[in-house]
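# Fold and geometry: a report
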Amino acid sequence: MNMKQAYKKSLQKMKNVKNKKEYIELIKKYNLLLVPTLEYMSGKVFENLLKEGK
């Protein structure tokens, strides 16, 4: 899986979580990107990414 696919997969899984703690629990289970990586790639804070995904 390349970075673009991993980024899209991570954003899709974010739609099912309510906070950072829940997302962190899913990272290993679904092989998602880490929170700092998502923030760096998007240029946005994690909480803002959560709001956009809802």
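Structure report, in brief. Residue numbers run consecutively from 1 along every chain, following the written order of its sequence. Since the coordinates come from a predicted model, pLDDT governs what is reported: local features require at least 70, and pairs of side-chain atoms require 80 or more to be given and counted, while whole-chain, interface and lining totals use all residues. Note: side-chain values were computed over all heavy atoms of the structure, leaving out hydrogens and water.

## Quick word on helix 1 (residues 3–14)
Turn by turn, an α-helix covers 3.6 residues, leaving residues three or four places apart pointing in a common direction. The terminal C-alpha atoms of helix 1 lie 16 Å apart, and with 12 residues this matches the ideal 16 Å at 1.5 Å per residue to within 8%. Turning to helix 1, its buried residues are Ala6, Ser10 and Met14. Down the axis of helix 1, the buried side of the element spans an arc of 75°, and every buried residue falls inside it. For helix 1, the exposed residues lying more than 90 degrees away from the buried face are Lys4 and Gln12. Here, two residues are considered to be in contact whenever any of their heavy atoms come within 4.5 Å of each other. Under the DSSP-based scheme used, a helix requires at least four consecutive residues in state H or I and a strand at least two consecutive residues in state E, with every element numbered from the N terminus. Next to the buried residues of helix 1 lie helix 2 (20–30), helix 3 (35–42) and helix 4 (46–53). The opening residue of helix 1 is asparagine 2, an N-cap whose side-chain oxygen sits 3.1 Å from the backbone nitrogen of lysine 4. Here a helix's expected span is defined as the number of its residues, less one, multiplied by 1.5 Å. Burial classification: accessible surface area is computed with a 1.4 Å probe over protein chains only, and a residue below 20% of its type maximum counts as buried, one above 50% as exposed, and the rest as partly exposed. Think of it as the arc spanned by the lines of direction from the helix axis to the C-beta atoms. Any N or O atom pair separated by 3.5 Å or less is treated as a polar contact, with the protein-specific requirement of one donor-capable and one acceptor-capable atom, and with residues adjacent in sequence counted only for side-chain atom pairs.

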